[in-house]
Amino acid sequence: MKILLACLEKDSKAVISEVFARAAYFAVYDTDSMTYTYLENTAAEASSGAGVKAAQEAIDSKATLVVARRLGENSFDIFKESNIKVLIAKKDATLEELVKLALDKKLETMLEGKVGFHHA
Amino acid sequence: MLKIAVLSGKGGTGKTFISTNLSNVISKCTLLDNDVEEPNSRLFFDGSVTDSLGVFSKVPLINRSLCNNCRLCSDSCRFNAIAFIGKPLIFENICHNCGLCSYICPTGAISEVDKEVGHIETLKVSENLTVKTGFLNLLEESGTPIIEALNSQKYEGTVVIDCPPGSSCLAMEAIKDSDFNLLVSEDTNFSFDNFKAVYELSMLFNKKTGIVINKKTTGISSKLVEFSREHNIPILLEVPFSKEIASITSNGHLISNRLFGYKEIFTKLYSDILLEVAK
């Protein structure tokens, strides 16, 4: 299984990003190899539809689980449509801590996206 | 058909105040309320609504039986309005109605269908004045199609455009075909900063431009007046900061009807604009 988390540094000891679609990187943790790979988030610079593009990158990375502080409506809807489960990350937790919590089933499932993070 | 656009860098400077009073004194005039997110020019006039027409924009619709899930539409959309989750998924609120996806779809699976985004209401005030108001539907993100629909029609007489605030896409659409831009600003540092943004926009579009200073107070040094001298922009009207004017306006009346001398003042503003346009 692959778990995807948004982050600002390519470091599993770094704290999770507060935002999802406009975070600098996505960390993908592979539970088989127990390694992290990092993807540049090209959606961070998008002038429009960053939430859609970021969710697209997550889907294309073959992740089946996403851990995030919060998601915009569009990202959330795409994960829902694709049956990708989203768990709510604890504030200021590191990627490693969150992966462990996710695997131990200690994180709550996100039930809705938030409106209003995009500009008009 | 002369088009005068009334705009400002920030909200609340008095675009509607100037637009409505100016329209009120022009002998044959159509006032177009382009502030489609919160139109309110019509509130200053009595009359009867003669029609209300929907405004539509095109959104893509996918015929799933023709779609081969090639992903080209999703990969090509520069607005990121189409996700691909094994099949394309369209986000209408992000779509900019450019039509690229239906144009490039190799199997012809994407057609463009009309979606109502707002409407235009016509208020007949008198033989001399008609007010056309653009309304953007709730939850819609872009009022551009409504402004485009309002401004692309032919009208009798002079057209006054009450523009949306700011200098973004909406304001650009509103001034696209204007012959004269009237920039309304307060005489404060905040308003001046925003004024410079719309002035720059007006210059970018190569428009003849003039200034109205609204809610003018005396005794403070004015960056706006200095700037206008430096850049040779005519100040066509100064409206004082006055409780009486505020009271008349906030009760939904026009000072060109209610306050002595203002019919003549706005008539002079109009003739001064005509002179500037003729220069």
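(A) Inspection of the overall build of chain B at higher detail. Counting secondary structure elements, chain B contains 10 helices and 11 strands. Its C-alpha atoms give chain B principal-axis dimensions of roughly 70 × 45 × 35 Å. In chain B, which comprises 279 residues, the share counted as buried stands at 52%. Across chain B, the fraction of contacts at a sequence separation of at least 24, relative to all contacts at a separation of at least 6, is 74%. Surface exposure of chain B reaches about 13,400 Å², of which carbon and sulfur atoms provide 52%. Computed over 27 positive and 32 negative side-chain charges, the separation of the two mean positions in chain B equals 1 Å.

(B) Spatial organisation of the environment of E9 of chain A. Residues and elements named next belong to chain A. Along the chain, the position of E9 falls in the loop between β1 (2-7) and β2 (25-30). Residue E9 is classed as partly exposed on the basis of its relative accessible area, which comes to 47%. With 96 residues separating them in the primary sequence, E9 and K105 have C-alpha atoms 25 Å apart. Every residue in contact with E9, bar those within four places of it in the chain, is listed here: A14, Y25 and Y38.

(C) Structural context of the interface of chain B and chain A. Contacts between the two partners involve 15 residues from chain B, matched on the other side by 14 residues from chain A. Summing both sides of the interface, chain B and chain A together bury roughly 1,100 Å²; the carbon and sulfur share of this comes to 52%. Considering only the side of chain B, the residues that lose the most area to chain A are N80, I85 and F91 of chain B, jointly responsible for 43% of the buried surface there. R71 of chain B is paired through a salt bridge with D60 of chain A; the nearest N and O atoms lie 2.5 Å apart. The tally of links between chain B and chain A comes to 4 residue pairs in polar contact (both at pLDDT 80 or more). Per element, the largest residue contribution to the side of chain B that touches chain A is 3 residues, and it comes from strand β4 (residues 82-84) of chain B.

(D) View of the pairing of strand β9 (residues 180-186) of chain B. Residue and element names in this part refer to chain B. Summarising burial for β9: 7 of the 7 residues are buried, a large majority. Burial of the side chains of β9 extends over both faces: F180, L182, V184 and E186 are buried on one face and N181, L183 and S185 on the other. Sheet topology note: the strand β1 (residues 3-7)/β9 ladder contains 4 bridges and is parallel. Bridged to A5 within β9 is N181.

(E) Spotlight on the sheet that holds strand β6 (residues 110-124) of chain B. All names here are of chain B. The mixed open sheet is built from 9 strands, whose spatial order is β3-β6-β7-β2-β8-β1-β9-β10-β11. With partners counted over all chains shown, the strands left at the sheet margins are β3 (48-62) and β11 (235-240), one partner each. Taken over all neighbouring pairs, the strand axes of this sheet differ in orientation by 20 degrees on average, direction set aside. Judged from the 7 bridges that link them, β9 and strand β10 (residues 208-216) form a sheet pairing that is parallel. Note on β10: the bridge partner recorded for N181 is T209.

The rules behind each value
Residues numbered from 1 in each chain as written. Chains lettered and ligands numbered in written order. Predicted model: local features only at pLDDT ≥ 70, side-chain atom pairs only at ≥ 80, totals over all residues. Heavy atoms only, no water. Helix = DSSP H or I, 4+ residues; strand = E, 2+ residues; numbered from the N terminus. Buried < 20%, exposed > 50% of the residue type's maximum accessible area, 1.4 Å probe, protein only. Contact = heavy atoms within 4.5 Å. Areas by Shrake-Rupley, 256 points an atom, 1.4 Å probe, with all protein chains shown as cover. Lys, Arg positive; Asp, Glu negative; His and termini not counted. Charge placed at Lys NZ, Arg CZ, Asp CG, Glu CD. Buried area = accessible area lost by both parts, 1.4 Å probe. Salt bridge = Lys/Arg side-chain N within 4 Å of Asp/Glu carboxyl O. Polar contact = N/O pair within 3.5 Å; in protein donor to acceptor, adjacent residues only side chain to side chain. Pairing = 2+ DSSP bridges. Axes fitted to C-alpha atoms, helices over the stretch in contact; angles between N-to-C directions.

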